[in-house]
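Each chain is listed here by its residues.
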Amino acid sequence: MSTNEPAANKRSSGKKDPAPSVEPTPGAGRRLAIDLVLYTGARIALVIALAAGIYLVGRAVGIDVPVLVAAVFAVIIALPAGMLLFKGLRQRVNVGIATVDAGRKAQRENLSSRLRGEDGSDK
């Protein structure tokens, strides 16, 4: 068992975690869900606004732009634009995911220690 531990430590120490270190907090899943709904809604609203803009500009200059074509171009334009425009929301979602993940990891470690017969209250 001790021969595998250094290999596991090498793998975990060589891996760099880009997410900030966060502590598990109660209610993190609810905040994450709210942030995800806001971020998704903002991105969808951006696609709709861009599609409407493309369609209306086309009509204003006398070109009949099909709605489907306007929607496809809007999605293509909104992909990078949404990442730039909604950077704060995206970062909140990333922190929320990291927080929920930290909570799940702590619960999993607690369960593992209890299954091994160790007292989880020592930590």
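Remember, predicted model here, so these are calculated numbers, not experimental data. (Residues numbered from 1 in each chain as written. Predicted model: local features only at pLDDT ≥ 70, side-chain atom pairs only at ≥ 80, totals over all residues. Heavy atoms only, no water.)

Notes on the confidence of the model for the protein chain
Fine structural detail should not be taken from predicted coordinates in areas where pLDDT scores are low. Across the protein chain, the average pLDDT comes to 83, with 77% of residues at 70 or higher. Of all secondary-structure elements in the protein chain, the lowest mean pLDDT belongs to helix α1 (residues 4–14), at 46, while helix α3 (residues 67–85) reaches the highest, 95. Contacts for the low-pLDDT stretch residues 1–14, under 50 throughout, to residues beyond four places or in other chains number zero contacts. (pLDDT = per-residue confidence, 0-100. Helix = DSSP H or I, 4+ residues; strand = E, 2+ residues; numbered from the N terminus. Contact = heavy atoms within 4.5 Å.)

Section: the pattern of salt bridges
Summed over the entire model, instances satisfying the criterion amount to two salt bridges. For Asp35, the salt bridge is made with Arg92, and the minimal N-O distance between the two is 2.5 Å. Of this pair, Asp35 sits in helix α2 (residues 28–60) while Arg92 sits in helix α4 (residues 87–115), placing them 57 residues apart in sequence. Here Glu118 ties to Arg116 by a salt bridge, and the two come within 3.3 Å at their closest N and O atoms. (Salt bridge = Lys/Arg side-chain N within 4 Å of Asp/Glu carboxyl O.)

Looking at the nonpolar core
Here is a general trend for soluble globular proteins: nonpolar side chains tend to be buried in one another's company. Membership of the largest hydrophobic core is limited to ten residues, which are Ala28, Leu32, Tyr39, Ala42, Leu46, Ala78, Phe86, Leu89, Val93 and Val100. The element that contributes the greatest number of residues to this core is α2, accounting for five residues. Among residues more than four places away in sequence, those in contact with Val93 are Leu32, Asp35, Leu36 and Tyr39. (Core = buried A, V, L, I, M, F, W, Y, C linked by side-chain atoms within 4.5 Å. Buried < 20%, exposed > 50% of the residue type's maximum accessible area, 1.4 Å probe, protein only.)

Considering the environment of Gly88
The topology assignment puts Gly88 in helix α4. Given the relative accessible area of 43%, Gly88 is considered partly exposed. Through-space distance from the C-alpha of Gly88 to that of Tyr39 is 9.5 Å; in sequence the pair is 49 residues apart.

Focus on a nonpolar patch on the surface
Judged by side-chain polarity, Leu68, Val69, Val72, Phe73, Ile76 and Ile77 come together as a nonpolar surface patch covering roughly 560 Å² of accessible area. Within the secondary structure layout, Val69 lies in helix α3. (Patch = residues over 30% accessible without salt bridge, like charges linked within 9 Å, V, L, I, M, F, W, Y side chains within 5 Å. Areas by Shrake-Rupley, 256 points an atom, 1.4 Å probe, with all protein chains shown as cover.)

Things to note about the side chain of Asp35
Here Asp35 falls in the buried class, since its relative accessible area comes to 11%. Once residues within four sequence positions are removed from consideration, Asp35 is found in contact with Arg92 and Val93.

A word on the packing of α2 against α4
Between α2 and α4, whose axes approach to 9 Å, the crossing angle comes to 150°. Considered as vectors, α2 and α4 are oriented roughly antiparallel to each other. Pair α2 / α4 crosses with left-handed handedness. Contacts from Ala28, Gly29, Leu32, Asp35, Leu36, Leu38, Tyr39 and Ala42 in α2 reach Leu89, Arg90, Arg92, Val93, Gly96, Ile97, Thr99 and Val100 in α4. The residue makeup of the contact of α2 with α4, split by class, is ten nonpolar, three polar and three charged. (Axes fitted to C-alpha atoms, helices over the stretch in contact; angles between N-to-C directions. Parallel < 35°, antiparallel > 145°, perpendicular 65-115°, else oblique. Left-handed = near helix turned anticlockwise from the far one by under 90°. Nonpolar A, V, L, I, M, F, W, Y, C, P; charged D, E, K, R; others polar.)

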